[in-house]
Amino acid sequence: MSDEQLIRLLREKPPEEFTSDEITLVRRRLPHCSELRQAVADHLELEQVLYHARGGVRFSVDDLLRRAALTPASRGPAGIYGWPTAAAVLLTLSVVGAVIYARGNRRPAEIAQAGKAAGAAGHHKPDASPSTPNGNQPVRHVVRKPPIGTEKPTASSAASVSRESTGDEPGSMSAVRAGPTVAISPPTSIATPEQLAGEKTAADNPAGPEPVAEAWLTQRVEIDNEARRASAELAAAIEHRAWRDACRVIVAAAVNHGDGLAPGGANGRLCSFNLMVFEAIRTHAGLRQAMCDDYAVDAWRGFRGAADRDDAAAMAAVAGQFIGTPAATAARQWLGDRALSAGRFHLALAHFRAAAERASDQQCGGLLARVRLCGALLGRELGEPVTETVELEGEQLSPFDFERLVTEMRMRAVPNSAASESSSSPALTSEIQKARSQSIVGDLLITISDERGHIATAWQRRTGDMIWRQQLDGINLAAPAIVDDRLFVCLAVPDSGGGRRMYLSTLAAHTGEVVARRPLARLAADESGETSVRIETAEGALVVTVGDLRFHADLEGCLQSVTKVADGE
Amino acid sequence: MMEDSQLLGAVQQGDRAAFATIVERYQGKIYGYLRARLLQSSDADDLTQEVFLRCYTSRARFDTSGMVGPWLIGIARNLLREHARKTRRRREVAWTELCLELDELVSDDSERYDDLLGQLPGCLETLGPSARQAIDLRYHAKLRLAEIGERLRRSEGAAKLLMFRARQALRYCLEQRSGRAP
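Below is a summary of the structure that appears in this document.

Regarding the packing of aromatic side chains
Phase 1 of the analysis: Taken as a whole, this structure holds 6 aromatic pairs over all chains when the rule is applied.
Phase 2 of the analysis: Aromatic pair Tyr51(A) and Tyr139(B): ring centres 4.7 Å apart, planes at 70 degrees, arrangement edge-to-face. In this pair, Tyr51(A) is assigned in helix α3 (residues 34-54) and Tyr139(B) in helix α7 (residues 129-139), connecting two distinct chains.
Phase 3 of the analysis: On the basis of an interplanar angle of 85 degrees and a centroid distance of 5.5 Å, the ring pair of Trp300(A) and Phe303(A) is categorised as edge-to-face. Here Trp300(A) and its partner Phe303(A) are both found in helix α14 (residues 285-309), 3 residues apart, which amounts to about one turn of the helix.
Phase 4 of the analysis: Using a relative accessible area of 30% as the deciding quantity, one classes Trp300(A) as partly exposed.
Phase 5 of the analysis: Joined through ring pairs, the aromatic side chains of Tyr51(A), Tyr31(B) and Tyr139(B) make up one cluster.

And the structure:
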């Protein structure tokens, strides 16, 4: 091929259509032909200008700064120890990492090679000149989709302080009819799961972050060592863009240690392994692709097995273990549909939103419709009206019918003030007077009193009949939070050292059954005085504040992250 | 408006707002530079952020009497080299390697680049609606030619031809307006 032909080729074909041979030819001729050089330069210049003006990338500077805060070794010219020491430390870490991998017989050649290459790149150019910056900081890709189902406040949602169902449940769908009567506690603050994933920390303080010392934190919050090890392996694999290795780490650790807390966020924030994986999958397109390439088949197999057995725990495992695959998205949708059928609208909304964030175009429409429906069931307008047929419970609904259903649900979700009145039976009146807290869940009033120990009691509001009574396994420290039909209480149990262990207990509001009990923090004897405790609900999450620690949990009560409360809050 | 060197001086003192301003000011240029040299847009997204991450973590080494733009392009070029070294998809990085070799052979002309960038909106206006839409779908919506054809209800070949003509017209317009027509 002549130079003229190559020049014409450059003008006519986009680079992605070039064959390897064509590129090789251009490269070979480049040093010898000025016209060819000019043609490539012109092509690049126009592409660059067009991408600059028309394209672009959105990312959060805050996230970048958080990431930068995790790489102190790369700041400045090697600090007081100099590059030789830094190099020695890096070399030692590489060896230790290799030993750990080798011990687990999972150290793939890919990481070893990438590690060597990165190590070499990091060490052989310690030049501090501006044009040759170096260091091998982990990449943090923080391009985000816009929040799913961004809320449009409605008059009813804005005006309501507490919302209770009318007793006349929305009922055009069997799934909705099947749901129990529930009171809907409006969130005290609105935050999407995506926002929680990028939880604001002290690092966001323009005045300068106050890092949470890990040792200080780990004395009070239990660290899962397996989750810690898996997090370190995941971070190493991501740093070297060894996506397949990162996938192996996720698949191996997500099921048994997904809920385990480990240092993994900015400034020593503790995160569950699942949350770290969620963030990694969201930010690294390569990781998503590798997960789909390597595990799509396994994920669908897991999905079908869980669906056949109607096993929610197995389905949740598929959603966590194979996150990023279409099957994991389908698993989230399945869990959301199940929560919707059970009347757990907030939980369903959280599942649908998480699924929609990683959904394919084919899956996305149905998920956004479900987000919209959940919003309507909660009396809110979420997302945009649908424009395509929606399949729900095996039924095909036209856009018109679906929107009519959404409007109807939203209307019915408006509280009926008359229904909020309770019976004036003597027993209930007396209990209310003694109670430390009282909460309404549909037609139930739940009181917590500290007479004869801490006891939760549920009363039928209209009749005043007692429905259930549950002795709480600890001292109730704060007004409970209610989300859907779950009651979340923060309990303290004295320990032998004079301190207290704090737990987050989850009770099924209609039966009083304790469905989960998760440890929060250990408070030493000298901290056991007046520690303030508060439980709040946020969109798709719970926020428990214990003194200067803030715990974020999902609506199943699983901890997602622990941060330090910023000064002045 | 603060000068770049002042901004970087402020960043060196820990001013996050100044860093955000630098990111805002240069992210388009860096993304454009990387995207033109990478075949995968997700790689360009990743590397753009890493450029600024490295800019921040190595801010102490920046000579505030220098210029920020070339320094960032230097970081981007180093990252491209690392990327080409690590990536195993040879056909994809062959293009990147070609571009890096070209960078060794020709010098940057930032004044000309800024001039072209300033003229671009006016030149886009001179295109017909289909050509403008095709440019938008390609560079803004990041679609491939086949997808552009689908959107415009044309064959892939027709979309390719449309894109070729649109680029040719833009190139001609930019050269004319910047007074550098051959």
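Brief notes about the pattern of salt bridges
Phase 1 of the analysis: Considering all chains together, one arrives at 34 salt bridges over all chains under this definition.
Phase 2 of the analysis: A salt bridge links Arg77(B) to Asp103(B), with the nearest nitrogen and oxygen atoms 3.3 Å apart. One end of the pair, Arg77(B), is in helix α4 (residues 68-86); the other, Asp103(B), is in helix α5 (residues 90-105), with 26 residues separating them in the sequence.
Phase 3 of the analysis: Residue classification places Arg77(B) among the buried positions, given a relative accessible area of 17%.
Phase 4 of the analysis: Asp103(B) gets classed as buried once you look at its relative accessible area, which sits at 11%.
Phase 5 of the analysis: Several salt bridges converge on common partners, so that one network encompasses Glu45(A), Arg112(B), Arg171(B) and Glu175(B).

Points about the sheet that holds strand β12 (residues 466-471) of chain A
All names here are of chain A.
Phase 1 of the analysis: A sheet is described by the order of its strands in space; here 4 strands give the open sequence β9-β10-β11-β12, paired in antiparallel fashion. Lying at the two open borders of the sheet, with one neighbouring strand each, are β9 (437-441) and β12. Each adjacent strand pair in this sheet contributes to an overall mean axis angle of 15 degrees, direction not counted.
Phase 2 of the analysis: Sheet topology places strand β10 (residues 444-449) next to strand β11 (residues 455-460); 6 bridges connect them, and they run antiparallel. Residue pairing in the sheet places Ile446 in a bridge with Ala458 of β11.
Phase 3 of the analysis: Sheet strands touched by helix α20 (residues 426-434): β9, β10, β11 and β12. Its angle to β10, the strand with the most contacts, is close to 45 degrees.

Observations regarding the pairing of β10(A)
All names here are of chain A.
Phase 1 of the analysis: With 6 of its 6 residues buried, β10 lies for the most part within the structure.
Phase 2 of the analysis: Neither face of β10 is left uncovered, since the one carrying Leu444, Ile446 and Ile448 and the one carrying Leu445, Thr447 and Ser449 both have all their residues buried.
Phase 3 of the analysis: Across 5 bridges, β9 lies against β10 in antiparallel orientation. Bridge pairing in β10 places Gln438 opposite Thr447.
Phase 4 of the analysis: With antiparallel pairing between neighbouring strands as the criterion, β9 and β10 make up a hairpin whose turn holds 2 residues, including Gly442 at a positive phi of roughly 60 degrees.

What counts, and at which threshold
Residues numbered from 1 in each chain as written. Chains lettered and ligands numbered in written order. Predicted model: local features only at pLDDT ≥ 70, side-chain atom pairs only at ≥ 80, totals over all residues. Heavy atoms only, no water. Phe/Tyr/Trp six-rings, centres within 6.5 Å; stacked < 30°, edge-to-face > 60°. Helix = DSSP H or I, 4+ residues; strand = E, 2+ residues; numbered from the N terminus. Buried < 20%, exposed > 50% of the residue type's maximum accessible area, 1.4 Å probe, protein only. Salt bridge = Lys/Arg side-chain N within 4 Å of Asp/Glu carboxyl O. Pairing = 2+ DSSP bridges. Axes fitted to C-alpha atoms, helices over the stretch in contact; angles between N-to-C directions. Contact = heavy atoms within 4.5 Å.

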